[in-house]
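One-letter residues, chain by chain:
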Amino acid sequence: MSPTVLTIIISSLATGTIITMTSHHWLMAWIGLEMNTLAIIPIISTMHNPRSTEAATKYFLTQAAASAMVLFSSMINAWQTGTWDITNLSYGPAHILLTMALAMKLGLAPMHFWLPEVLQGSTLTTALIITTWQKLAPMALIFMTLNNLSTTTLILLGLLSSIIGGWGGLNQTQTRKIMAFSSIAHLGWMIIIASIMPNIMILNLMIYMIMTTALFSSLILSKSKTIQDTTTTWTFSPTLTIMMMIMLLSLGGLPPLTGFMPKWLILEELVTQNLSPTATIMAMSALLSLFFYMRLTYTTTLTLSPNTAQTKFKWRFKPNRTTLLMGASSTISIFLLPLTPLILQ
């Protein structure tokens, strides 16, 4: 892809998200979502193989259906209430439709089936964009319409997503599919707290994006597409291997690391709201996710793949891409926990 085309596509992607996040009118929000979808399609299908074409088609169909549902829900709301204001979504069927549409856009269970397939068909860099940047616009719409959305529905979606995100990732061997199910589980945690404490949802989204960026940057640098690829990371960079181990444990939510902060705050808030059974199920589902993070950690740092003498190791060449983003996001995704009281103020 030529630099000019790539610049236009990336700027359209950014503009679409920003339009949605800053709009007050439903039509403008919808236009932003459509720009976003149309800009990512060529990025997914740059590889010119059947797998990426299939991924782009699946992505387009699900996102177009979800956008149509957003438009439909806003239209029936405008029909009933006479206003197109995003924050004034007071008609019952409209907000149920909107919840389902945004869940489909984000990849929340039970509308999650497209996410692992699309990620598997695209490159690691595209997968990074889909799992981080593409979550911003729907999350902004959820944040703006929170007062009118059903708390029970959001909690059920969150529970289902965290369980399916943990369960689905157990049997995977491809790192992109593992990251897709990890994304579903993390989104479940965000959605469950959304209507109870929106500030924690935004904190969780920011931390999730930083941690996912850090891990994807490591996978891109070490060219690790399957679990077996991660076993030879140590030949490429022992330091990177240790960093990947710590980042995976942080994504799993283990205490001294950044990933523990949102889980801790969410569980604490759920218990405060007398939702102890929900908190228990969420904590149990986090163990499922932790299992496949631990498995990746184990293969990355503690095992050597059964190699023959002719196996190609990864040579320690000077990286041909900048590691500044990886360095910054890795540091934040490991050391942020002591700043919790400061962030909460």
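How each quantity is defined
- Residue positions are counted from 1 within each chain, in the order its sequence is given.
- Two thresholds apply to this predicted model, a pLDDT of at least 70 for residue-level local features and 80 or more for giving and counting side-chain atom pairs, whereas whole-chain, interface and lining totals are computed over all residues.
- Note that the side-chain values use all heavy atoms of the structure and ignore hydrogens as well as water.
- Surface patches are drawn from residues lacking salt bridges whose relative accessible area is over 30%; two like charges belong together within 9 Å, two nonpolar side chains (Val, Leu, Ile, Met, Phe, Trp, Tyr) within 5 Å.
- Here, Shrake-Rupley sampling with a 1.4 Å probe gives the accessible areas, and only protein chains in the shown set may cover a residue.
- The working definition used for a salt bridge is a side-chain nitrogen of Lys or Arg within 4 Å of a carboxyl oxygen of Asp or Glu.
- Helix numbers and strand numbers start at the N terminus; a helix is a DSSP run of H or I with at least 4 residues, a strand a run of E with at least 2.
- UniProt positions are given in the numbering used here, feature names are shortened, and annotations may be inferred rather than shown by experiment.
- Pairing of aromatic rings covers Phe, Tyr and Trp, the last through its six-membered ring, and needs centres within 6.5 Å; plane angles under 30 degrees mean stacked, over 60 mean edge-to-face, and all others mean tilted.
- Type-normalised accessible area, obtained with a 1.4 Å probe on protein chains alone, sets the label of each residue: buried when under 20%, exposed when over 50%, and partly exposed for intermediate values.
- How far a helix is expected to stretch is found by multiplying one less than its residue total by 1.5 Å.
- Should any heavy atoms of two residues lie within 4.5 Å, those residues are considered in contact.

K.L.:
Would you mind showing me how to read a nonpolar patch on the surface here?
P.N.:
Residues Met-1, Val-5, Leu-6 and Ile-10 make up a contiguous nonpolar surface patch of about 330 Å² in total accessible area. Within the secondary structure, Val-5 sits in helix H1 (residues 3-22).

K.L.:
Sorry, what's going on with the UniProt feature "domain: NADH:quinone oxidoreductase/Mrp antiporter transmembrane" (unreviewed entry) in the protein here?
P.N.:
Feature annotation in UniProt places "domain: NADH:quinone oxidoreductase/Mrp antiporter transmembrane" (unreviewed entry) on residues 23-288, given in this structure's numbering. Measuring from the first to the last C-alpha atom of residues 23-288 gives 38 Å, for a span that is 77% helix and 0% strand.

K.L.:
What exactly am I supposed to notice about the packing of aromatic side chains here?
P.N.:
Any pair of aromatic rings gets described here by the distance separating the centres and the angle formed by the planes. Taken as a whole and judged by the stated rule, the model has 3 aromatic pairs. A centroid spacing of 5.5 Å and a plane angle of 75° characterise the contact between Tyr-59 and Trp-114, whose relative ring orientation is edge-to-face. Residue Tyr-59 is found in helix H3 (residues 50-81), and its partner Trp-114 is found in helix H5 (residues 114-121); the two are separated by 55 residues along the sequence. By relative accessible area, which is 2% here, Tyr-59 ends up buried.

K.L.:
Looking at this structure, how should I read helix H8 (residues 151-169)?
P.N.:
Two residues of an α-helix separated by three or four positions point the same way, owing to the 3.6 residues in each turn. When the terminal C-alpha atoms of H8 are compared, their 27 Å separation across 19 residues agrees well with the 27 Å that a helix rising 1.5 Å per residue should span. Among the residues making up H8, those that are buried are Leu-154, Ile-155, Leu-157, Gly-158, Leu-159, Ser-161, Ser-162, Gly-165, Gly-166, Gly-168 and Gly-169. Where H8 is buried, its residues contact helix H4 (92-106), helix H9 (175-194) and helix H15 (276-301).

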